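# Descriptive structure summary
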Amino acid sequence: MEPKPQLTAEEASSLAFPLYNCARDNDLESLTKHLATAERAGLARAAVLTERQATGLTPWLVAAWHASSEVLEFLLAEGVPTDDTVGGAAPSQEFRLNGRNCTGASAVHLCTMSGHFPTLHMLLTRGGGDAAARDATGCTPLIVAAQYDRVLCAQLLARHGADVAAVDQLGCSAMHWVAFKDHHEMISLLASESSCAA
């Protein structure tokens, strides 16, 4: 059996771009057709599925950001490396950085930003998501939830061990952000989580 040719950057970009659209649109049928085309061209399936845009986005990150649950389920079944897992093994620091976009945001950050609770739950319970992950500015997913007033996401993150007292590079915690943005329901939630943690 001949080894499959390595994917050049140009080939990956030409095949990966439609995959980002499929991931964004939760279009599993088109995604599998594009993969079949790549395989017929002799390209490695895993290389196509993990190709990055210039912004660092992969199909996994795009699907998480757009709450494309069918595509995320497919990618998990394919064994595509997620933010914090590589075949069940402990991730290396290099892989953790490579599992994020250019601002260091993980799939959990992006899904929290979009506020899609069921997808966030899936990422945290089956997708190797880390509720305490930090992006390039030191923001945790809980801080992102506070910034975007994602109350249900914040509750879920707290149940998965998010540190309510964590601060970003500006020295602001989730409570600082919700007070600044005047998110009343989130203030109550974080105050109750803070008292439970104490």
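Refer to the structure presented above.
Summary of the structure given here. These numbers were taken from a predicted model, which means no experiment stands behind them. (Residues numbered from 1 in each chain as written. Predicted model: local features only at pLDDT ≥ 70, side-chain atom pairs only at ≥ 80, totals over all residues. Heavy atoms only, no water.)

## Side note on the pattern of salt bridges
The following threshold applies: We count a salt bridge whenever a side-chain nitrogen from Lys or Arg sits within 4 Å of a carboxyl oxygen from Asp or Glu. Exposed residues in this analysis have more than 50% of their type's maximum accessible area, buried residues have under 20%, and partly exposed residues fall in between, with area computed by a 1.4 Å probe over protein chains only. Each helix is a run of H or I in the DSSP string that is no shorter than four residues. Each strand is a run of E no shorter than two, and both are numbered from the N terminus.
Applying the stated criterion across every chain yields a total of three salt bridges. Salt-bridge contacts for Arg 24 lead to Asp 25; the nearest nitrogen and oxygen are separated by 2.8 Å. Residue classification places Arg 24 among the partly exposed positions, given a relative accessible area of 38%. Glu 29 is the salt-bridge partner of Lys 33, the closest N and O atoms lying 3.3 Å from each other. Linking Lys 33 with Glu 29, this pair stays in helix α2 (residues 28–40), spanning four residues, or about one helical turn.

## Notes on the packing of helix α7 (residues 107–114) against helix α9 (residues 141–148)
Using the following cut-off: Interaxial angle, 0 to 180 degrees, is taken between N-to-C directions of lines fitted to C-alpha atoms, where a helix line uses only the stretch in contact. By the definition adopted for this analysis, an angle is roughly parallel if under 35 degrees, roughly antiparallel if over 145, roughly perpendicular if from 65 to 115, and oblique otherwise. Crossings are classed by handedness, with left-handed meaning an anticlockwise turn of the near helix from the far one by less than a right angle and right-handed meaning a clockwise turn. Only heavy atoms enter the contact rule, under which two residues are in contact if any of them lie within 4.5 Å. Classification used: nonpolar for Ala, Val, Leu, Ile, Met, Phe, Trp, Tyr, Cys and Pro, charged for Asp, Glu, Lys and Arg, polar for all others including Gly.
Where α7 meets α9, the closest approach of the two axes is 9 Å, and the angle between their N-to-C directions is 15°. Regarding the angle of α7 to α9, the classification is roughly parallel. In this structure, α7 meets α9 at a crossing whose hand is right-handed. Residues Val 108, His 109, Thr 112 and Met 113 of α7 form the contact with α9, whose own contacting residues are Pro 141, Val 144, Ala 145 and Tyr 148. Among the residues forming the contact of α7 with α9, the class breakdown is six nonpolar, two polar and no charged.

## What to know about the side chain of Thr 112
Put simply, the rule is: Contacts described as polar in this section are N or O atom pairs within 3.5 Å, which, within protein, must combine one atom able to donate a hydrogen with one able to accept it, while residues neighboring in sequence count only if both atoms come from side chains.
Of note, Thr 112 is situated in helix α7. Here the side chain of Thr 112 touches Val 108 through a polar contact of 2.7 Å, landing on its backbone oxygen. Other than its neighbours up to four places away in sequence, Thr 112 contacts Leu 120, Pro 141, Val 144, Ala 145, Arg 150, Cys 153 and Leu 157.

## Quick notes on the state of the cysteines
Any covalent bond linking the sulfur atoms of two cysteines counts as a disulfide. Stated formally: The rule for a disulfide is simple: a pair of cysteine sulfur atoms within 2.5 Å.
For the coordinates displayed, the defined rule picks out zero disulfides. Between Cys 111, a free cysteine, and Cys 153, which holds the nearest cysteine sulfur, the sulfur-to-sulfur gap is 6.3 Å. With relative accessibility at 1%, the residue Cys 153 sits in the buried group.

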